[in-house]
Amino acid sequence: MNQSSTYSKTASQPYTGVRRFILVTMILVPFIPFLMALYIGNHSFSKSLENSTISTMKRIAADHRQMIESFLIERKNDLELIVNTASVEELIQTHYLSSTFRELQRTSSAFVDLGIFDDSGMHVAYYGPYDLAGKRYQDAPWFRQTLENGIYISDVFLGFRNIPHFIIAVSKKENGRMWVVRATVDSQRFNNLVRQIRIGKTGEAYLLNHEGVLQTDRRSGGNLMDTPPEKILFPSDDQDIRTFIHQQDQAEPFLYATTWLKDHNWILVIRQEKSDAFMALEKARMPILLITLVGGGCIIAAAFTLTNAIVRKMERTDAEKALLGQQLIGASRLAELGEMAAGFAHEINNPLQIISSELSLIRLLQTEMLESGEIKPGDAVDQVTDSIDQIKTQIDRCSRITAAILKFGRQGETRQEDLDLAVVVPEIVQMVTKKAEVHGIHLDRRMPNAPIRVNADASRLQQVLLNLLNNAMDAIIDQQGTAGGVIAITLNKDNDSQAMISVQDNGTGISPENMEKIFSPFFTTKPVGKGTGLGLSVCYGIIQQMGGKMEVDSQMGKGTTFSITLPVG
């Protein structure tokens, strides 16, 4: 159980970085556009709702302004009608003034009283609930404004009544004197008219004058003639309706709409708590958040599922690739072994011939000694001894060659071991010496005296070097024929950290267009039937598995140099 678990963990380690990269990529690639689309959609939807809410607020402000303006104009017209249809003498008569007031009440119940003033400000006639007849108003601002402008609608003030109210006054010139007709508007009725607006749960409307004093009370708190603490932004002279969001200290922020009334003397304020005004937007945020969470969860779940599937596929592919690599290495070994069969035949045949000759000589000497009866020390005995030594030498040579063949053709997994390249490389070169001699190729061995140790597989390193040497001899034969060929095999150590093996020939070389494909599987420049295109690609993979690298440098017509670099063990 422990061994299986350890193997599984070890096998999955090379894919940890790949798994992390694929997972992060598959999450970020769809998630970023998803968030961008969600953000753009939410932003557009939010702006649409905000614009719709603000437009609704502006429309309500415009409608409410028109209603209030119409109310004030109608009351002003009522007074102007009285002034234009009745003389002052008639109006100052109590019974006529009372009947006129009752007529006004039938038209509109908004008026509280009715009074007549002469040009000195004397209240000469009055009809209403207060005792105001005989009082003087020559210094009152509303009285002076009425004489100057002909008509005047005042702000809310206390006056002699000492209660908040506002008046509408109209002047009239009769018999060379100025007269003023004044009516007081029912403040409660006017308040109800202004406050009757309903916007959500917190919406309200009220009036302010230029100084920011309340001309009507307001539902959220604030009586007539109070000054609210909020800093209201007044519309500019050329601005119809102004909307803005304002927060006073730590209080709830409000959405405001302000517009001028009464010839820019009053300001209509309509406001609503921001949370109440944009409640539809707040309600929409929960589904958006839910969509974000569900969509993000689906993307992450899909990323994990697909990543696991991809990594499992990669593991199966790499396992199949490793198996195929083993098969290719075996096939390459067999191909190299077949190609070197002729050379090995010479190596094995010569010792066998010598053995046969020496054995024949032994038999001949034995026969002579038997016939002569002379078996004693001498030349014959020495020759027998020499022959026996020679037989032993050749038998050892055959044993080495046979062992090399068996070692080269041995199948099995990679087995890393401590090797001395100063010993292993000359042994491998020795295996192709006879083939090189047959084709007139000189092997220039440049080996160090000191050992160079690496951790590598001896049989696979042998396979790589034999492949390079055989390729070099083929290139030399094509270029030089059977004379003038040289292969330089160089072994050295670079900065005490890397071992370098180079195989340099003076053969045909490699064209520039083939240099980039030289290590590609199944690529070969040999004629059909003479090469599979697997040798160099397999060699390249073997060196990589050993932690090294293989490079090539070549010039057409001058030769090629293959360099192998291995880490020193």
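Everything discussed here concerns the structure shown above.
Described in the following lines is the structure provided in the data block. All residue numbers refer to positions counted from 1 along the written sequence of the respective chain. A pLDDT threshold of at least 70 governs which residues receive local features in this predicted model, and a stricter bar of 80 or more applies before side-chain atom pairs are shown or counted, although totals over entire chains, interfaces and linings include all residues. To obtain the side-chain values, all non-hydrogen atoms of the structure were used and water was disregarded.

A closer look at helix α11 (residues 421–430)
Among the residues making up α11, those that are buried are L421, A422, V424, V425, I428 and V429. Here α11 starts with a cap whose side-chain oxygen sits 3.1 Å from the backbone nitrogen of A422, and that cap is D420. Any residue under 20% of the maximum accessible area for its type is buried, any over 50% is exposed, and the rest in between are partly exposed; the area is computed with a 1.4 Å probe on protein chains only. Each helix is a run of H or I in the DSSP string that is no shorter than four residues. Each strand is a run of E no shorter than two, and both are numbered from the N terminus. A 3.5 Å cut-off defines polar contacts: any pair of N or O atoms within that distance qualifies, except that in protein one atom must be a possible hydrogen donor and the other a possible acceptor, and neighbouring residues in sequence count only when both atoms are side-chain atoms.

What to know about the sheet that holds strand β13 (residues 485–494)
Strand pairing requires that DSSP identify at least two bridges connecting the strands. Overall, mixed pairing links the five strands, which are arranged β11-β13-β14-β16-β15 in an open sheet. The sheet is open, and its two edges are formed by β11 (441–446) and β15 (549–555), each paired on a single side. Recorded for the sheet is a direction-independent mean angle of 15 degrees between the axes of neighbouring strands. Pairing geometry for β11 and β13, over six bridges, is parallel. Directly across from D444, in β13, lies its bridge partner A488. Sitting on the sheet, α11 is in contact with β11, β13 and β14 (498–505), with an inclination near 165 degrees to β13. Contacts were defined at the residue level, with two residues in contact if any of their heavy atoms lie within 4.5 Å. Note on method: axes are straight lines fitted to C-alpha atoms, helices fitted across the in-contact stretch only, with angles between N-to-C directions ranging 0 to 180 degrees. On the sheet, helix α13 (residues 458–480) packs against β11, β13, β14, β15 and β16 (559–567) and is oriented at approximately 145 degrees with respect to β13.

Digging into α13
Taking 1.5 Å per residue, 23 residues should reach 33 Å; α13 reaches 32 Å between its end C-alpha atoms and fits that length. α13 sits mainly inside the fold: 18 of its 23 residues count as buried. Among the residues trailing α13, G481 stands out with phi positive, at a value near 80 degrees. Helix span, as expected, comes to 1.5 Å for every residue beyond the first.

Things to note about the pairing of strand β6 (residues 204–209)
The two faces of a sheet get side chains in turn, since along a regular strand they alternate between them. Summarising burial for β6: six of the six residues are buried, a large majority. Residues E204, Y206 and L208 point to one face of β6 and A205, L207 and N209 to the other, with burial holding for every one of them. Bridge analysis of β6 against strand β9 (residues 266–273) gives six bridges, and the strand direction is antiparallel. The partner of N209 across the bridge, within β9, is W266.

What about a nonpolar patch on the surface?
Patch membership requires over 30% relative accessible area and the absence of a salt bridge. Like charges are linked within 9 Å, and nonpolar side chains (Val, Leu, Ile, Met, Phe, Trp, Tyr) within 5 Å. Accessible areas in this description were obtained via Shrake-Rupley with a 1.4 Å probe; residue shielding takes into account the shown protein chains only. We define a salt bridge as a contact between a side-chain nitrogen of Lys or Arg and a carboxyl oxygen of Asp or Glu at a distance within 4 Å. Together, V24, L28, I32, M36, Y39 and I40 give the surface a local cluster of nonpolar side chains, amounting to about 600 Å² of exposed area. Take M36: it is sitting in helix α2 (residues 16–85). For M36, a relative accessible area of 49% translates into the label partly exposed.

As for the packing of aromatic side chains
Two rings belonging to Phe, Tyr or Trp (six-membered ring only in the last case) form a pair when the distance between their centres is within 6.5 Å. Interplanar angles under 30 degrees mark stacking, angles over 60 mark edge-to-face geometry, and anything in between is tilted. What the rule picks out here adds up to 14 aromatic pairs. A ring pair is formed by F71 and F190, whose centres lie 5.7 Å apart and whose planes are at 35 degrees; its orientation type is tilted. Taken as a pair, F71 in helix α2 and F190 in helix α6 (residues 187–195) lie far apart in primary sequence, 119 residues in all. Of the two residues, F71 and F190, both sit in the buried class. Summarising the aromatic geometry, the rings of F101 and Y127 are spaced 5.3 Å apart at their centres and angled 50 degrees between planes, so their arrangement reads as tilted. One end of the pair, F101, is in helix α4 (residues 94–107); the other, Y127, is in strand β2 (residues 123–127), and 26 residues separate them in sequence. F101 gets classed as buried once you look at its relative accessible area, which sits at 6%. The class for Y127 is partly exposed, based on a relative accessible area of 30%. Among the aromatic residues, those joined into a ring-pair cluster are F117, Y137, W142, F143 and F160. Sitting over the ring of F71, R75 keeps its end group 5.0 Å from the ring centre. A ring is scored as having a charge over it whenever the NZ atom of a lysine or the CZ atom of an arginine sits within 6 Å of its centre and within 35 degrees of its normal.

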